[in-house]
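Now for the letters of each chain:
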Amino acid sequence: MSNDPTLETLREGRIVSLESLQPGESGIVEIVEAGSFENGLSVRLRALGLSSTHQVSMVRRAWFGGPLVVRAGKATEIAIRRTEAELVKVRKIQD
Amino acid sequence: MSHCSPADANLDRNDVPRIAMIGQPNTGKSMLYNRITGASAYVGNWPGITVSLSNARVNLGGRTLEFVDLPGIYDLEGFSEDETVVANFLKTYPVDLVVIVINASQIDRQILMPLQIKQLGLPAVVMLNMADEARKNAIEIDTETLSARVGLPVHLISAKYGEGYPDAIASVDKVLSARADTPPIYADYDALRETLMTEETLAETLSGAVFYPEIPPQTIAQKLDRFLLHPVFGLPLFFAVMLLVFYIVWAIGLPSQGWVGAITDWIQNRILEPVLGLGPAWLQNFVINGIWLGVATVASFVPLIMLFFFCMAAVEDLGYLSRAAYLMDTWMRRIGLDGRSFVMQMMGFGCNVPALMGTRVMRSQPLRLLSMLIIPFSLCSARLAVFVFIIAAVFPPAQGPLVLFSFYVISFAAAFLAAAIFSRSKQFKNTEPFVLELPPYRVPTLRQVWLRGYGELREFLRRATNFIIIGTIAVWFLTNFPTNATGLDTWGGQLGELLQPVMAPIGINPYLTLALIFGFIAKEVVIGSLSTIYAMSAGLVAHQIGLTVSPAAAYSFCLFCLLYTPCLTTVATVKAESRSWGFMIFP
């Protein structure tokens, strides 16, 4: 709709945290930051199919700051806390 | 670790071929294990391994084989307690074969495990389980191509319905025959550490062998989750389901105690008393009031506990418990716990012991300890039986269920309060990420629920029986000596009197005090010991308590029983699982 170059990059996909996705939105995992978990989080997420270059989509968000449900890869649904999802950086896929 | 020299190999030869079963959680590994072993599995201790593992000897194709069910793990290189257990096992005990169980629908990520096992140098057969689910998800798997890629036999099976199972077992047999004269192998973790497994490795292994549909078909789970995981109604729905479970246990389990009681009374009247009547009177007294009473008490709990385990197995197999963890995490994290602690607490309502063992899935020691701290507050089925007995004796029938419900509320409140207080301390700072797989909903089959429930029950009996028998014998001694004394003049009665200065202000009389002391061994002993203490049958004791104990005192007794100490088995489990004496004494 616009020729603004910044908007173009946005449409190509910008890097956001998994936590910020709305239900139905998806992205490609870029990196899982360690946060306070050292490599504990990234090792567990890798085993669940949530690691670099894999697709992830937001399924639902609990109320009152509760955990999120995301779908990793093809057939795995994962419940994850918001603070943990904050550490997963994804390149958002535009519809 | 290298054990390849011929001299070692001979020493290390297993007397029967040993097959380790390995896989991620939610792959149906235990279901396959149950299918292979039937109900013949037992839990054994392995020196050098910190937890007990289930194993079984099975005759397959004219050969005796030993199957070991390793804990479900996500990663062979992980650091959770279960993951360490598996690594220690494979390093300490040589295996002849590894059966790798994979959820066929999730092969895109689970293919990692066969590749890792291959690096460990272990002979293996890969079982792609839940073939029926994969078909429903429109996933196509070419097992021959995949087998060639991985270099291991690959089979599509359904452990639940038996599809593909005969071929898979034949394949196990074939691999074992081919290496009949080869010594078993220790896992080579150095080789695994030196190999870097990238996403490309996984993708290359799968390309051309596994096809996922472009648009995955909408599953039943997605439709059901819209209701069951509803942000507002999800939690009330869960509590309604749990209420239903307790109602079933209550409605069927309690009358069943009467049926078992009728059987044990019959054995006592028709067999034990006539036979023992031939011997001296003290022997008859000892065997009947000392030992048989204990056995009969345990027996009367069997249907109730079995029913509870069946219900919990069904709820768990359905895939609902992990969703409960998701629903409760919002609230549990505020008191330093996570959703899984809540699930364990729910399990604790059946029996604290398996719930304590269930905390092994937690990687963070502080989180585990805090969870173990609150589980003994769960009103277990043994305490339930005591409460039902006392409440039925003292309170009017209309108030009974409400009084009982109030104890469940107190049980939760005490647990949450304890967690809220202790989570302030640095020692219990939770450092574990909350990441939990939500498996698809699965219809539990009767066979599966039976095998699980029966296995749990057998474990419960194994742990409980000794304590209860020793406990009732102890009660018998304390209440039968000095000879000729009865009631409060016995050693036991005097012990109760001795504690009166403490117990009288909270309205608990010496008889009930004594019952509480024995309740430390096992709550199951409390009712039995009341019969012995009052020297009356259970029915008369109920009547006597109804006449002599006020509702307030009865409530106080139950409250004390709920909160003072868990049973000895629970205490022993807390000690074993936390590996610390200090922590055991703490709660």
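Reading the values: the criteria
Residues numbered from 1 in each chain as written. Chains lettered and ligands numbered in written order. Predicted model: local features only at pLDDT ≥ 70, side-chain atom pairs only at ≥ 80, totals over all residues. Heavy atoms only, no water. Helix = DSSP H or I, 4+ residues; strand = E, 2+ residues; numbered from the N terminus. Buried < 20%, exposed > 50% of the residue type's maximum accessible area, 1.4 Å probe, protein only. Contact = heavy atoms within 4.5 Å. Buried area = accessible area lost by both parts, 1.4 Å probe. Salt bridge = Lys/Arg side-chain N within 4 Å of Asp/Glu carboxyl O. Axes fitted to C-alpha atoms, helices over the stretch in contact; angles between N-to-C directions. Left-handed = near helix turned anticlockwise from the far one by under 90°. Nonpolar A, V, L, I, M, F, W, Y, C, P; charged D, E, K, R; others polar. Pairing = 2+ DSSP bridges. pLDDT = per-residue confidence, 0-100. Core = buried A, V, L, I, M, F, W, Y, C linked by side-chain atoms within 4.5 Å.

**Digging into the overall build of chain B**
Here's step 1: When its secondary structure is counted, chain B shows 28 helices and 10 strands.
Here's step 2: The proportion of buried residues among the 587 residues of chain B is 55%.
Here's step 3: Taking contacts inside chain B between residues at least 6 apart in sequence as the whole, the part at least 24 apart equals 76%.

**Some words on the interface of chain A and chain B**
Here's step 1: Across the contact, 36 residues belong to chain A and 40 residues belong to chain B.
Here's step 2: Between chain A and chain B, a total of about 3300 Å² is buried, with carbon and sulfur atoms accounting for 55% of that surface.
Here's step 3: Summed over the three residues of chain A that lose the most area to chain B, namely Arg44(A), Arg60(A) and Arg81(A), the buried surface amounts to 21% of that side.
Here's step 4: Summed over the shared surface of chain A and chain B, the result is three salt bridges.
Here's step 5: Here Glu83(B) ties to Arg44(A) by a salt bridge, and the two come within 4.0 Å at their closest N and O atoms.

**A closer look at the packing of helix H15 (residues 339–348) of chain B against helix H19 (residues 400–422) of chain B**
If you want to describe how two helices pack, look at the angle between their axes and the distance between the axes.
Residues and elements named next belong to chain B.
Here's step 1: Their axes nearest at 12 Å, the elements H15 and H19 cross at an angle of 145 degrees. H15 and H19 meet at a crossing whose hand is right-handed. Between H15 and H19, the contacting residues are Phe342, Gln345 and Met346 on the first element and Phe412, Ala415 and Phe416 on the second.
Here's step 2: Residues that form the contact of H15 with H19 fall into these classes: five nonpolar, one polar and no charged.

**What about the sheet that holds strand E5 (residues 76–80) of chain A?**
Here's step 1: A sheet is described by the order of its strands in space; here seven strands give the open sequence E1(A)-E6(A)-E2(A)-E3(A)-E4(A)-E5(A)-E10(B), paired in antiparallel fashion. Two strands bound the open sheet, and with one partner strand each, they are strand E1 (15–17) of chain A together with strand E10 (435–438) of chain B. The mean inter-strand angle of the sheet, taken between neighbouring strand axes irrespective of direction, is 40 degrees.
Here's step 2: Relative to E10(B), E5(A) runs antiparallel, the two sharing four bridges. Each residue of the ladder has a partner; that of Ile78(A), found in E10(B), is Glu437(B).
Here's step 3: Contacting strand E3 (55–61), strand E4 (68–72) and E5 of chain A, helix H11 (residues 220–228) of chain B runs over the sheet at an angle of about 35 degrees to E3(A).

**Considering the confidence of the model for chain B**
Residues and elements named next belong to chain B.
Here's step 1: In this model, chain B carries a mean pLDDT of 80, and residues with pLDDT of at least 70 account for 87%.
Here's step 2: Considering only residues more than four positions removed or in separate chains, one finds that residues 1–12, a stretch of pLDDT under 50, has 10 contacts.
Here's step 3: Two numbers describe this predicted complex: its pTM, 0.77, and its ipTM, 0.84.

**A short note on unusual backbone geometry**
All names here are of chain A.
Here's step 1: Backbone geometry places Thr53, a non-glycine residue, at a positive phi of 75 degrees.
Here's step 2: Mapped onto the elements of the fold, Thr53 is located in the loop between helix H2 (40–47) and E3.
Here's step 3: You can call Thr53 exposed: its relative accessible area is 51%.

**So, the packing of H19(B) against helix H26 (residues 551–563) of chain B**
All names here are of chain B.
Here's step 1: Axis separation between H19 and H26 bottoms out at 11 Å; the angle between their running directions is 35 degrees. When the axes of H19 and H26 are compared, the crossing they make is right-handed. Along the contact surface, H19 presents Val403, Ser406, Phe407, Ile410, Ser411 and Ala414, while H26 presents Tyr555, Cys558, Leu559, Leu562 and Leu563.
Here's step 2: Split into classes, the residues belonging to the contact of H19 with H26 amount to nine nonpolar, two polar and no charged.

**Considering the nonpolar core**
Residues and elements named next belong to chain B.
Here's step 1: Of all hydrophobic cores here, the largest spans 92 residues; its most connected members are Phe387, Ile390, Leu530, Ile545 and Phe557.
Here's step 2: Apart from residues no more than four positions distant in its own chain, Phe387 is found in contact with Leu379, Ala392, Leu404, Phe407, Cys558, Cys561 and Leu562.
Here's step 3: Residues Ile22, Val86, Ile117 and Ala124 belong to the second largest nonpolar core, which totals 45 residues.

**Some points on the pairing of E4(A)**
All names here are of chain A.
Here's step 1: The element E4 is largely enclosed, with a buried count of five among its five residues.
Here's step 2: Along E4, one buried face is formed by Leu68, Val70 and Ala72 and the opposite face, lined by Val69 and Arg71, is buried too.
Here's step 3: Examined bridge by bridge, E3 and E4 share five bridges and lie antiparallel to one another. Counted as the bridge partner of Val56 is Ala72 from E4.

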